[in-house]
Amino acid sequence: MSRTGILLFVVLALLAFTPAAFADTRFAVQGDPLDAPRSALDLEQVRVNHDRDRGALSVTFRFHGPVPDAQSYGDRVKAVIGRKCTEYPTEAGEAEIGFSSGYGSPHAWAPAATTRGTVGSNSPAASLEFSPDRREVTVATTDSLLAGADDRCVEVSSEWSEAPYDPNSPSGPVEDSTTSFYFEGFECQERPNLTVDAPPRVAYGAWAPVTVESTDSEAALYDGKGKLVFADAASAKPFFEYQFDDGDDEALWAGKTVGSKIRLDPGDGPAVIGLSWTQNGGRLCGVLRKVVGIRGSQPRVKLRGGSEEGTLSLDSGRRCWLTRAGAVKVTFALGRRRRTYRLADPCAKRWKATPRRLSGLSVRAEPYSYGSADLTIGAVATRRFRVTVSVAGRSVLHRRMQTVHRHHKAYRVFAFHPNGRTNDEYWNWCVNEGRQTYMRNGNAFCWSPAYTDASVRFKR
């Protein structure tokens, strides 16, 4: 097994169990790029630590520049921690924590915290600490309402009233925020940006589609570095690996899909499809899908006769990967002469025919579409053929096929028979149909035009 395969499946196994969901202390970190122009409270990074045993919560806000003195009431930085991503704490165990400028003059930074209970809220005491370079501010609090709280997501924002005389910044309030982020171990569980779709069962020898697509309408969280691995479920030995290229990443960002195919041969055990990728700042995520090989169902051969044309259909259904794989052979025989049409598989896109043609046989081969591959048979002569169909070397159908093609000449329809009796055909065809009539030896008539009688019929 390759080192890549071992690493991928170890990571996916760890992600599948999400041990962070059971940890007593939860940690989260999120970065944010430099804004242009930079605000005084332009967020660079946020680190959150939640000790669920003690109900202790601390948040460190890091900025792209030193935090200035408070300027006016309303300047603030806050983080909202909750079970789901939210702008305000609304459920028990959720909290809002940060620092803001108060009413006093001169204004000063002060910490603040709010924790929610089942019917109300607390405002526990909070501490405020600046780093020596004033680029980091840590706010901490402890409250019994936070003990054991199942908080998972963090929303962070800042607001600063820029001085109107600052030539490098616009006047008025400037807001900044990070992308919502989760505590470690929950990002992929709560908000996986990619998903892989594959049928749980595949007929041996058949190709089944494997489709990767973004679950995010904006596809903004996906960082790239997607990879597909197909491996034996028992040994974890990969038999297919594919690293997404730039074109695949662009397609996923645009909301399109990236596809591949999987095939299991007789004797192969269940397989695992592993998809790994990074999102939201390099967090490694992954999903697994299990695929089991089955014998598959026999494709059904349908015969439909009719006027002008008949059809031989090989019906595999819309889920072609559940159809038993194997070469298909359709033979039309006229005496000792034969013409054969072949498909590499019941769901193959193209029929192949032998060069030899049969007199009176017209066949239009239709590729697999909407669940069936068809041969449309035209009646161009009156003949009797034998039709046989075999799949994977096994004969599944024997029929006789008769094509009829007769040309009927035009003839006169007289008003009276030679014995003087009225001809009903004249009144039905000539008079009632309003056709042009003529006279011959005192007997009116019209013309019945020439026509061709064609049909295709199947018999046992």
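Residues numbered from 1 in each chain as written. Predicted model: local features only at pLDDT ≥ 70, side-chain atom pairs only at ≥ 80, totals over all residues. Heavy atoms only, no water.

(A) Inspection of the pairing of strand β30 (residues 394-408) at higher detail. Two strands pair when backbone bridges link them, and strand β29 (residues 383-391) and β30 are joined in this way by 9 bridges, in the antiparallel orientation. Note that in β30 the partner of V389 across the bridge is L397. If you look at the hairpin formed by β29 and β30, you'll find 2 residues sitting between the two strands, and A392 has a positive phi there, around 55°. Pairing between β30 and strand β34 (residues 451-459): 9 bridges, direction antiparallel. Residue H405 lies in a different strand from β34, and its bridge partner there is A454. (Pairing = 2+ DSSP bridges. Helix = DSSP H or I, 4+ residues; strand = E, 2+ residues; numbered from the N terminus.)

(B) Representation of the packing of aromatic side chains within the structure. Overall, the coordinates contain 13 aromatic pairs when judged by the stated rule. Taken together, a centroid distance of 5.8 Å and an interplanar angle of 50° make the contact between Y222 and W253 tilted. In this pair, Y222 is assigned in strand β16 (residues 222-232) and W253 in helix α3 (residues 246-253), connecting sequence segments 31 residues apart. Under the relative-accessibility criterion, Y222 is labelled buried at 3%. Judged by its relative accessible area of 34%, W253 falls in the partly exposed class. Joined through ring pairs, the aromatic side chains of F61, F63, F99, W109 and W160 make up one cluster. Sitting over the face of the ring of F445, R412 holds its NZ or CZ atom 5.7 Å from the ring centroid. (Phe/Tyr/Trp six-rings, centres within 6.5 Å; stacked < 30°, edge-to-face > 60°. Buried < 20%, exposed > 50% of the residue type's maximum accessible area, 1.4 Å probe, protein only. Lys NZ or Arg CZ within 6 Å of the ring centre and 35° of its normal.)

(C) Structural view of α3. When α3 is considered as a whole, its buried residues turn out to be D248, D249, A251 and L252. Seen end-on, α3 carries its buried residues on one side only, within an arc spanning 160°. The secondary structure elements touched by the buried residues of α3 are β13 (194-197), β15 (207-214), β16, β17 (238-243) and β18 (258-263). Sitting at the amino-terminal end of α3 is D245, which places a side-chain oxygen 3.1 Å from the backbone nitrogen of G247. (Arc of directions from axis to C-beta. Contact = heavy atoms within 4.5 Å. Polar contact = N/O pair within 3.5 Å; in protein donor to acceptor, adjacent residues only side chain to side chain.)

(D) The arrangement of the pairing of strand β19 (residues 271-279) in detail. Of all 9 residues making up β19, 9 are buried, and the element is well covered by its neighbours. Residues A271, I273, L275, W277 and Q279 point to one face of β19 and V272, G274, S276 and T278 to the other, with burial holding for every one of them. Sheet topology note: the β19/strand β20 (residues 283-294) ladder contains 9 bridges and is antiparallel. Looking at the pairing, I273 lines up with R289 of β20.

(E) Focus on unusual backbone geometry. Even without being a glycine, K225 presents a positive backbone phi close to 65°. Along the chain, K225 turns up in strand β16. Positive phi outside glycine occurs at A392, with the angle close to 55°. Within the secondary structure, A392 sits in the loop between β29 and β30.

(F) Summary view of the nonpolar core. Of all hydrophobic cores here, the largest spans 31 residues; its most connected members are V48, F61 and F63. When residues of this core are traced back to their parent elements, those giving at least two are β2 (43-51), β3 (56-63), β4 (76-82), β5 (95-101), β6 (109-116), β9 (136-142), β10 (153-162) and β12 (181-182). Here F63 is in contact with L41, D42, L43, E44, V77, F99, R135 and V137, once residues within four sequence places are set aside. Ranked by size, the runner-up nonpolar core spans 28 residues in total, among them C320, C347, L358 and L397. (Core = buried A, V, L, I, M, F, W, Y, C linked by side-chain atoms within 4.5 Å.)

(G) Molecular detail of the state of the cysteines. For the structure shown, the criterion picks out 4 disulfides. Paired by a disulfide, C430 and C446 hold their sulfur atoms 1.8 Å apart. When the S-S torsion is -70°, as for the bridge of C430 with C446, the disulfide is left-handed. In this pair, C430 sits in helix α4 (residues 424-431) while C446 sits in strand β33 (residues 443-448), placing the two residues 16 residues apart along the sequence. In the protein chain, numbering the disulfide-bonded cysteines from first to last in sequence yields the connectivity 1-2, 3-4, 5-6, 7-8. (Disulfide = S-S within 2.5 Å.)

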